[in-house]
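Per-entry structural report
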Amino acid sequence: ERYQMKYQYSKTTKAFKVQRALQSGDVLTAATASKRFGIKNLRAEVARVRQNGYVVTTTNRVASNGVQVTEYALGKPTRELIAAGYKALSVGLV
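In every chain, residue numbers begin from 1 and rise along the written sequence. Reporting in this predicted model follows two pLDDT cut-offs: at least 70 for local features of residues, and 80 or more for side-chain atom pairs to be given and counted; totals over whole chains, interfaces and linings ignore these cut-offs and use all residues. Where side-chain values are given, they derive from all heavy atoms of the structure, hydrogens and water being excluded.

1. What about the confidence of the model for the chain?
Per-residue confidence from the predictor is reported as pLDDT, a score between 0 and 100. The predicted model of the chain averages 89 in pLDDT, with 90% of residues at 70 or higher. Here, residues are in contact when the closest pair of their heavy atoms is within 4.5 Å. Counting interchain partners and residues more than four positions distant, the pLDDT-below-50 stretch residues 1–5 has four contacts.

Here it is in structure tokens:
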């Protein structure tokens with residue numbers, strides 16, 4: 001396919017496991033990703049998922065024990081993001 005994403009990853013990678021978890025509706029934190037997948041740097045894996053074309057939202061909250069927690073969930077692209085993608089395609093950036 002002409003517009004296939006450049007950052008494909010195999011089904012055994014950590015990024016793929018994160019993508020599948022997010023697609024199933026899970027909300028991931030560093031602690032849950034570490035326990036479930038052995039991921040030490042969830043932010044890097046989320047960046048790889050984003051590079052593969054998925055919208056991953058980030059929410060910061062304070063847990064009951066007072067610790068700041070970052071939660072990652074799959075989101076929907078905004079109209080502006082889709083328009084920017086079409087613009088990039090039309091001017092040959094992608």
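Right, picking up where we left off after that structure.
2. Looking at the nonpolar core
Considering soluble globular proteins, one finds that nonpolar side chains tend to be buried as a cluster. In this structure, Ala15, Val18, Ala21, Leu22, Leu28, Ala33, Ile39, Leu42, Val46, Val49, Val56 and Tyr72 together form the largest nonpolar core, which totals 12 residues. Contributing elements (two or more residues each) for this core: helix H1 (14–23) and helix H3 (42–51). The helix count covers DSSP runs of H or I at least four residues long, the strand count covers runs of E at least two residues long, and both are numbered beginning at the N terminus. The element best represented in this core is H1, accounting for four residues. Working definition of a nonpolar core: buried Ala, Val, Leu, Ile, Met, Phe, Trp, Tyr and Cys residues. They are joined through side-chain atoms within 4.5 Å. Partly exposed describes any residue whose relative accessible area lies between the buried limit of under 20% and the exposed limit of over 50%, with all areas from a 1.4 Å probe on protein chains only and scaled to the type maximum.

3. Quick word on the environment of Phe16
Inspection of the secondary structure puts Phe16 in helix H1. Phe16 gets classed as buried once you look at its relative accessible area, which sits at 15%.

4. Focus on the pairing of strand E2 (residues 68–74)
For two strands to be treated as a pair, DSSP must find no fewer than two bridges joining them. The pairing of strand E1 (residues 56–62) with E2 spans seven bridges and is antiparallel. Note on E2: the bridge partner recorded for Arg61 is Val69. Linking two consecutive strands that pair antiparallel, namely E1 and E2, is a turn of five residues; a positive phi of about 90° is found at Gly66 within it.

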